[in-house]
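Residue-level structure breakdown
One letter stands for each residue in the lines below.
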Amino acid sequence: MDHVKSDALVFLGATGDLAYKKIFPALQSMVKHGTLNIPVIGVAKAGWNLEQFRQRAQDSLEKHGGLDPAAFAKLCTLLNYIDGDYADPATFQQLRAVLGESQHPVHYLAIPPQLFGLVVRQLQDSGCARGARVIIEKPFGRNQATAQELNGILRAAFAEQDIFRIDHYLGKLAVQNLLVFRFSNLVLEPVWNRNFIDCVQITMAENFGVAGRGGFYEQAGALRDVLQNHLLQVLANVAMEPPPGTTDLESVRDEKVKVLKAVRPLEESDVIRGQFRGYRDEKGVAPDSQVETFAACRLFINSWRWQGVPFYLRTGKNLPVTSTEVFVKFRQAPAIYEFKAPPPNYFRFRLNPDVTIAMGAMVRSSERVLSVEPVELLVSHEPTAEDLEPYELLLSDAMNGDAFRFARADYVNEAWRIVDPVLGDGGPVHEYEPGTWGPAAADPLVDGHGWHNPGDGMPSPAFLQPK
């Protein structure tokens, strides 16, 4: 199955929000780029017919990404639609009939997580899982135990190499650029360790709230929705060892798993939770909700390279900007002659909305007295129309059996192991004002380093000086 191209794409939840905002635009782009020429079968329970389904696709494209008349016309010839209940075996018997001679379909489960088990069993019982692949949207379980249970259900119907656990962050080219930058620039390797690096900060900020998804967020929270998956993925890219010199990309996933295996489970003293003022007024949110919309944590990687280096992870809703940034702060250089020690160097990687790689360095200042001042050496790339969107890239990979950009079972298990101890009713949830950088209670977590906020650009010398 590894090199067999899928001969049909089935996506369940075809009338849902994810399909409307992400999947239809990705399908049209795939048609434009010549990577989609197989039947596309939508399955949902909406009381629709095929023409209504096509109209939904058109509405989606007009609002998200733009309608390309030629590509959309081709996409319409590929579309089919089944209206049925996921609990009804007849729905999946009809699906098997519509698949016809297709022997290697890929099933994309763009459905609520509580339906994963039911749908996988229905695919298996109807024969639709035979020779097939399956794509599972996050969250993959709610904790380590439920993730292991779900994995057992999947493995009863599909082989591990045919299971694609999607995290759209792995499809972002900027996240992949972290690996390229690290391992393609020899100058980094000698200093990328505990001897030279003081701390690492990873922040994913969003300047909006829950966007009408209060009911979903009540079941997730920032720890499950972002930290357990997106931020740990970025951390693994920053901290992993170089993979062996081989063309086998599975070795890259091996190294990422090793990073997580070296992280001790979080404790309450490692975590600060926050909730923006007004969250409890959102539709679907309990009036006394203790669900966090902000989370910050401190963790350590027990390895030769990273022993003793703190990694600070932070995410939140209703923060000042929407941006994801990695900030690597180096140790301070010693003082020379009569000068005081200069501020430390740093690397700054912005992953969105633009892609920025910046290095903090010291140069002679313009003053008459011999002294230094900080400058930032910066390279920036604005996304273009030619850049593949994550969902287009990930769908194409899954159809081709390429699992490199997907999470493996052992990786997911280790990620849940790390966050499991702090998922229950833990410490206090601190209120913070929308438009701020979260609760002040998160400041002491960084042990005097201070948080670097995405969007601030070059940090001030005062920020960089040891506290």
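Quick note: structure is the one above.
One structure accompanies this document, and this report is about it. (Residues numbered from 1 in each chain as written. Predicted model: local features only at pLDDT ≥ 70, side-chain atom pairs only at ≥ 80, totals over all residues. Heavy atoms only, no water.)

Bringing the overall build of the protein chain into the picture now. From N to C terminus, the protein chain includes twelve helices and 15 strands. Here the protein chain has a C-alpha radius of gyration of 24 Å; the compact-globule value for 467 residues is 23 Å, and the two agree. Along the three orthogonal principal directions, the C-alpha set of the protein chain runs to about 80 × 50 × 40 Å. Within the protein chain, the proportion of its 467 residues that are buried is 53%. Long-range contacts, defined here as pairs at least 24 residues apart, represent 75% of the contacts in the protein chain between residues at least 6 apart. Carbon and sulfur atoms provide 53% of the accessible area of the protein chain, an area that totals close to 20200 Å². Taken together, the 46 basic and 56 acidic charged side chains of the protein chain have centroids lying 2 Å from each other. (Helix = DSSP H or I, 4+ residues; strand = E, 2+ residues; numbered from the N terminus. Rg over C-alpha atoms; globule rule 2.2 N^0.38 Å. Buried < 20%, exposed > 50% of the residue type's maximum accessible area, 1.4 Å probe, protein only. Contact = heavy atoms within 4.5 Å. Areas by Shrake-Rupley, 256 points an atom, 1.4 Å probe, with all protein chains shown as cover. Lys, Arg positive; Asp, Glu negative; His and termini not counted. Charge placed at Lys NZ, Arg CZ, Asp CG, Glu CD.)

Taken in spatial order, the six strands line up as 3-2-1-4-5-6 in an open sheet, and their pairing is parallel. This sheet does not close on itself; its edge strands, each paired only once, are strand 3 (79–83) and strand 6 (163–166). The average angle at which neighbouring strand axes cross in this sheet is 20°, direction not considered. Examined bridge by bridge, strand 2 (residues 40–44) and strand 3 share five bridges and lie parallel to one another. Opposite Gly-42, over in strand 3, you have Tyr-81 as the bridge partner. This element, helix 2 (residues 50–63), spans strand 1 (8–12), strand 2 and strand 3 of the sheet and lies at about 120° to strand 3. Running over the sheet, helix 3 (residues 69–78) touches strand 2 and strand 3 and is turned about 45° from strand 3. (Pairing = 2+ DSSP bridges. Axes fitted to C-alpha atoms, helices over the stretch in contact; angles between N-to-C directions.)

Time to look at the environment of Ala-205. With respect to the helices, strands and loops of the structure, Ala-205 is situated in strand 7 (residues 197–205). The buried category is assigned to Ala-205, whose relative accessible area is 1%. The sequence separation of Ala-205 and Asn-453 amounts to 248 residues, and the corresponding C-alpha distance is 8.9 Å. Ignoring sequence-local partners within four residues, the contact set of Ala-205 consists of Gly-316, Leu-319, Val-321, Thr-322, Ser-323 and Trp-437.

Most of strand 10 (residues 310–316) is tucked away, with seven of its seven residues classed as buried. Of the two faces of strand 10, the one carrying Pro-310, Tyr-312, Arg-314 and Gly-316 and the one carrying Phe-311, Leu-313 and Thr-315 are both buried. Bridge count between strand 9 (residues 294–300) and strand 10: seven bridges; the pairing is antiparallel. By the bridge assignment, Cys-297 is partnered in strand 10 with Leu-313.

Here we come to the packing of aromatic side chains. Scanning the entire structure with this criterion turns up 18 aromatic pairs. Measuring from centroid to centroid gives 5.3 Å for Trp-306 and Phe-311, while their planes differ by 80°, and the two rings are edge-to-face. The exposure class assigned to Trp-306 is buried, which follows from its relative accessible area of 1%. A residue is classified by how much of its surface remains accessible, and Phe-311, at 0% relative accessible area, is buried. Through successive ring pairs, a cluster of aromatic residues spans Phe-181, Trp-192, Phe-330, Phe-347 and Phe-349. If you follow Lys-256 out to its NZ or CZ, it ends over the ring of Phe-404, 6.0 Å from the centre. (Phe/Tyr/Trp six-rings, centres within 6.5 Å; stacked < 30°, edge-to-face > 60°. Lys NZ or Arg CZ within 6 Å of the ring centre and 35° of its normal.)

Taken together, the nine strands give an open sheet; going across it, the order is 14-13-12-11-7-10-9-8-15, and neighbouring strands pair in mixed fashion. Bordering the open sheet on either side are strand 14 (372–381) and strand 15 (429–432), each of which pairs with just one other strand. Within this sheet the neighbouring strands show an average axis-to-axis angle of 20°, counted without direction. Two strands pair when backbone bridges link them, and strand 8 (residues 271–276) and strand 15 are joined in this way by four bridges, in the parallel orientation. Considered in strand 15, the bridge of Phe-276 is made with Tyr-432. Against the sheet, helix 7 (residues 173–184) makes contact with strand 12 (346–352) and strand 13 (355–364), and its axis sits at roughly 150° relative to strand 12, the strand it touches most. Each of strand 7, strand 8, strand 9, strand 10, strand 11 (323–330) and strand 12 is contacted by helix 8 (residues 214–239), which is oriented at about 140° to strand 10, the strand it contacts most.

Here the focus is the environment of Phe-300. With respect to the secondary-structure elements, Phe-300 resides in strand 9. Given a relative accessible area of 26%, Phe-300 falls into the partly exposed group. Separated by 95 residues in the primary sequence, Phe-300 and Leu-395 place their C-alpha atoms 34 Å from one another. Setting aside its immediate chain neighbours within four residues, Phe-300 contacts Ala-262, Val-263, Arg-264, Gly-308, Val-309 and Pro-310.

Attention shifts here to the state of the cysteines. If you walk through the whole model with that rule in mind, you get zero disulfides. Left unpaired, Cys-199 is separated from the closest cysteine sulfur, that of Cys-297, by 13 Å. Of the residues examined, Cys-199 reaches a relative accessible area of 1% and is grouped as buried. (Disulfide = S-S within 2.5 Å.)

If you look at the biggest cluster of nonpolar residues, it comprises 142 residues, and the most contacted ones within it are Leu-27 and Phe-311. If one sorts the elements of this core by residue count, helix 8 sits on top with twelve residues. Other than its neighbours up to four places away in sequence, Leu-27 contacts Leu-9, Phe-11, Leu-36, Val-40, Leu-75 and Leu-395. (Core = buried A, V, L, I, M, F, W, Y, C linked by side-chain atoms within 4.5 Å.)

Okay, the pattern of salt bridges next. Close approach of charged atoms allows side chains with opposite charge to pair. Summed over all chains, the structure comprises 26 salt bridges. In this structure, Lys-317 engages Glu-206 in a salt bridge whose closest nitrogen and oxygen atoms are separated by 2.8 Å. Pair noted here: Lys-317 is in the loop between strand 10 and strand 11 and Glu-206 is in the loop between strand 7 and helix 8, with a separation of 111 residues, a long-range link. This pair shows no difference in class: Lys-317 is buried, exactly as Glu-206 is. Residues Lys-258 and Glu-255 are paired through a salt bridge, measuring 3.3 Å at the closest nitrogen-oxygen approach. Of this pair, Lys-258 and Glu-255 both sit in helix 9 (residues 250–261), separated by three residues, roughly a single helical turn. What makes Lys-258 partly exposed here is its relative accessible area of 48%. Classification of Glu-255 as buried rests on a relative accessible area of 8%. (Salt bridge = Lys/Arg side-chain N within 4 Å of Asp/Glu carboxyl O.)

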